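Fold and geometry: a report
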Amino acid sequence: MPARLQEQVLAHLDELIGEGERVVGSYRSGGIGGMWSQLPEQQLWAFVTAGAAETERVGGANSQFFKQLPPPLESNDHLTGLRRIPAATLGALIALRRAVAGGRLQQLEARM
C-alpha cells in the first residue's frame, strides 16, 4: 500500500477512535444496573454510523472487522442506554487501525 494512502487511512481512523473513546467514556452507571450516556442521541448515532461506514470502506463488508460490528439497530432504538454498541464499534476500529498500521490488510488499495 502506498505510504500516502496508509497515512490518510490511519489519520481518519485515529479521528474516529478518538471520538469513540469520548463516546464510550461518556457512559456512567445509571444506578439500576445499566450504563447511560449524557451525550445527545444524535452524537452517539453519528459515531456508530461513521465507524461502521469506515470499517466497511477500509476493511470490506466481508472482513472480520465489519462482521464484528453489532447488527443494525432500528432508528427508534436509543443508544444512550446501549454502551455495548459504541464499544463494539470502537473495538472494531482499533483492530482495523492495527491491521492497517502493521500492513496486514490485504487489498486495501483496491477498495479505496
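The rules behind each value
- Residues numbered from 1 in each chain as written.
- Predicted model: local features only at pLDDT ≥ 70, side-chain atom pairs only at ≥ 80, totals over all residues.
- Heavy atoms only, no water.
- Axes fitted to C-alpha atoms, helices over the stretch in contact; angles between N-to-C directions.
- Helix = DSSP H or I, 4+ residues; strand = E, 2+ residues; numbered from the N terminus.
- Parallel < 35°, antiparallel > 145°, perpendicular 65-115°, else oblique.
- Left-handed = near helix turned anticlockwise from the far one by under 90°.
- Contact = heavy atoms within 4.5 Å.
- Salt bridge = Lys/Arg side-chain N within 4 Å of Asp/Glu carboxyl O.
- Buried < 20%, exposed > 50% of the residue type's maximum accessible area, 1.4 Å probe, protein only.

Describing the packing of helix H1 (residues 3–25) against helix H4 (residues 84–101)
The geometry of H1 relative to H4 is characterised by a closest axis approach of 9 Å and an angle of 155° between their N-to-C directions. Considering their axes alone, H1 and H4 lie roughly antiparallel with respect to each other. For the crossing formed where H1 meets H4, the hand is left-handed. Listed contacts from H4 to Gln6, Val9, Leu10, Leu13, Asp14, Leu16, Ile17, Gly20, Glu21, Val23 and Val24 of H1 are Pro86, Ala87, Leu90, Leu93, Ile94, Leu96, Arg97, Val100 and Ala101.

What to know about the pattern of salt bridges
All told, the structure shown has three salt bridges when counted by the stated rule. The partner of Asp14 in a salt bridge is Arg97, with the nearest N and O atoms 2.4 Å apart. Highlighted residues: Asp14 in helix H1 and Arg97 in helix H4, separated in sequence by 83 residues. Residue class for Arg97 comes out partly exposed when judged on its relative accessible area of 26%.

Let's talk about the packing of H1 against helix H2 (residues 41–59)
It is the contact of H1 with H2, at a shortest axis distance of 10 Å, that shows an interaxial angle of 150°. If you check the angle between H1 and H2, you find them roughly antiparallel. Considering the relative orientation of H1 and H2, their crossing is left-handed. Contacts between H1 and H2 involve Val9, His12, Leu13, Leu16, Glu19, Gly20, Arg22 and Val23 from the former and Gln43, Leu44, Phe47, Ala50, Gly51, Glu54, Arg57 and Val58 from the latter.

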